[in-house]
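# Examination of the molecular architecture
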Amino acid sequence: MTECPALVQVFDDNVELGKRLCSFVKDRYDEAVASRGKFHVAVSGGSLPKFLKGLSKRQDIDWTKWWVYFCDERYVPNDDPDSNYGALKQVLLDDISIPDCQILKINSSVSVEEAAKEYEKKMREQLPTMDLDLALCGMGPDGHTCSLFPGHALLSEDSVDIAPISDSPKPPPKRITMTYRLLRKCHQVVFVVTGESKVPMVVSSLHDDLDKTTPAGRVRPDSGKLFWFLDSKAAAGLPDRAATPAAN
């Protein structure tokens, strides 16, 4: 058994969680810019983007130092309602000034296999070491994260950093996703999970034994830090709901 290294922080409600998450992201931005002059961050879709809206009000961020990627992306045009890029654009990107060339979007005009290869190639051009400063992940009711689903062959993919998927159990079926190989390289990974429907998967995800955990729970950075930000409803099944300071 491998001890789960996650630092868990529990919040009373989504408003408090969102404020703390934005402060956390700002701190990671400061550290990255001080270290290498840029901030490389990956964002998931679903409900996660809404928690980042508060960043648009900050006056102490140089957005030209941000490089944005997506933990997974649906194989759809960027203006499609299913686009993760579109979701982040609506709640944050439209209100800030990150250069468009520093936001890596999927190319849906080629095959999904080529789209994954192209995404990894372009990401590697911007970040040769592929070590993201921060990955912001969510988790579905089935325990999936990114587009890594329970029982899927991609859980064992270790030859690429970005992989295509054509048979997602959740529509749309075609997507590209970051693999565990890439997620292991991250300096910081944060899971943002809310709602009582996630309780069983939160408990399973934080299980010490990798063979008994969920796809989300298998995300364990090699040398980086792992955090779970939960609201009180999602954390209801944990034996110890005391918050762990996220700044550590």
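Our structure is the block above this text.
The model shown is predicted, which means the values in this text are computed figures rather than measured ones.

Rules used in this analysis
Residues numbered from 1 in each chain as written. Predicted model: local features only at pLDDT ≥ 70, side-chain atom pairs only at ≥ 80, totals over all residues. Heavy atoms only, no water. Helix = DSSP H or I, 4+ residues; strand = E, 2+ residues; numbered from the N terminus. Rg over C-alpha atoms; globule rule 2.2 N^0.38 Å. Buried < 20%, exposed > 50% of the residue type's maximum accessible area, 1.4 Å probe, protein only. Contact = heavy atoms within 4.5 Å. Areas by Shrake-Rupley, 256 points an atom, 1.4 Å probe, with all protein chains shown as cover. Lys, Arg positive; Asp, Glu negative; His and termini not counted. Charge placed at Lys NZ, Arg CZ, Asp CG, Glu CD. Core = buried A, V, L, I, M, F, W, Y, C linked by side-chain atoms within 4.5 Å. Pairing = 2+ DSSP bridges. Axes fitted to C-alpha atoms, helices over the stretch in contact; angles between N-to-C directions. Phe/Tyr/Trp six-rings, centres within 6.5 Å; stacked < 30°, edge-to-face > 60°. Polar contact = N/O pair within 3.5 Å; in protein donor to acceptor, adjacent residues only side chain to side chain. Salt bridge = Lys/Arg side-chain N within 4 Å of Asp/Glu carboxyl O.

## With respect to the overall build of the chain
Assigned secondary structure in the chain consists of five helices and nine strands. Ordered by position in the sequence, the α and β elements of the chain form the string β-α-β-β-β-α-α-β-β-β-α-β-α-β. Taken over C-alpha atoms, the radius of gyration comes to 17 Å for the chain, in line with the 18 Å a tight globule of 248 residues would show. Here the C-alpha coordinates of the chain stretch approximately 45 × 45 × 35 Å along the principal axes. In the chain, which comprises 248 residues, the share counted as buried stands at 54%. A sequence separation of at least 24 residues applies to 75% of the contacts in the chain between residues at least 6 apart. Accessible surface computed for the chain: about 10,900 Å², of which carbon and sulfur atoms make up 50%. Put simply, the chain has 31 plus and 36 minus side-chain charges, and the middle of one group is 2 Å from the middle of the other.

## As for the nonpolar core
Leu-52, Trp-66, Tyr-69, Leu-136 and Trp-228 are the most contacted members of the largest nonpolar core, which totals 82 residues. With seven residues, the top contributor of residues to this core is helix α1 (residues 14-36). Those residues within four positions of Tyr-69 in sequence are excluded, and the remaining contacts are His-40, Val-41, Ala-42, Val-43, Leu-104, Tyr-119, Met-123, Gln-126, Leu-127, Leu-132 and Met-178.

## Structural notes on the sheet that holds strand β4 (residues 72-74)
Pairing within the open sheet is antiparallel, and its three strands lie in the order β4-β7-β6. Every other strand in the sheet has two partners, leaving β4 and β6 (162-165) as the edge strands with one partner each. Neighbour to neighbour, the strand axes of the sheet diverge by 20° on average, direction disregarded. Here β6 pairs with strand β7 (residues 175-178) via four bridges, running antiparallel. What sits directly across from Ile-165, in β7, is Arg-175. Contacting β6 and β7, helix α3 (residues 112-126) runs over the sheet at an angle of about 165° to β6.

## What to know about the packing of aromatic side chains
Under the counting rule described, the total for this entry stands at nine aromatic pairs. A ring pair is formed by Tyr-29 and Phe-39, whose centres lie 6.0 Å apart and whose planes are at 80°; its orientation type is edge-to-face. Here the residue Tyr-29 occupies a position in helix α1, and Phe-39 occupies one in strand β2 (residues 39-43), the gap between them amounting to 10 residues. Just as Tyr-29 is buried, Phe-39 falls in that class too. Every member of this aromatic cluster is reached through a ring pair, and the members are Phe-11, Phe-24, Phe-227 and Phe-229.

## As for the side chain of Gln-126
For Gln-126, the position within the fold is in helix α3. Taking the relative accessible area as the measure of exposure, Gln-126 reaches 19% and is therefore buried. Here the side chain of Gln-126 touches Tyr-69 through a polar contact of 3.3 Å, side chain to side chain. Excluding residues that lie within four positions of it along the chain, Gln-126 makes contacts with His-40, Trp-67, Tyr-69 and Cys-101.

## Thoughts on the pattern of salt bridges
Evaluated as defined, the whole model comprises 19 salt bridges. One salt bridge in this structure joins Asp-72 and Arg-175, with 3.7 Å as the shortest N-O distance. Of this pair, Asp-72 sits in strand β4 while Arg-175 sits in strand β7, and the two are 103 residues apart along the sequence. Asp-161 serves as the salt-bridge partner of Lys-185, at 3.1 Å between the closest nitrogen and oxygen. Pair noted here: Lys-185 is in the loop between α4 (180-183) and β8 (188-193) and Asp-161 is in the loop between β5 (134-137) and β6, with a separation of 24 residues, a long-range link. The class for Lys-185 is partly exposed, based on a relative accessible area of 28%. The exposure class assigned to Asp-161 is buried, which follows from its relative accessible area of 0%.

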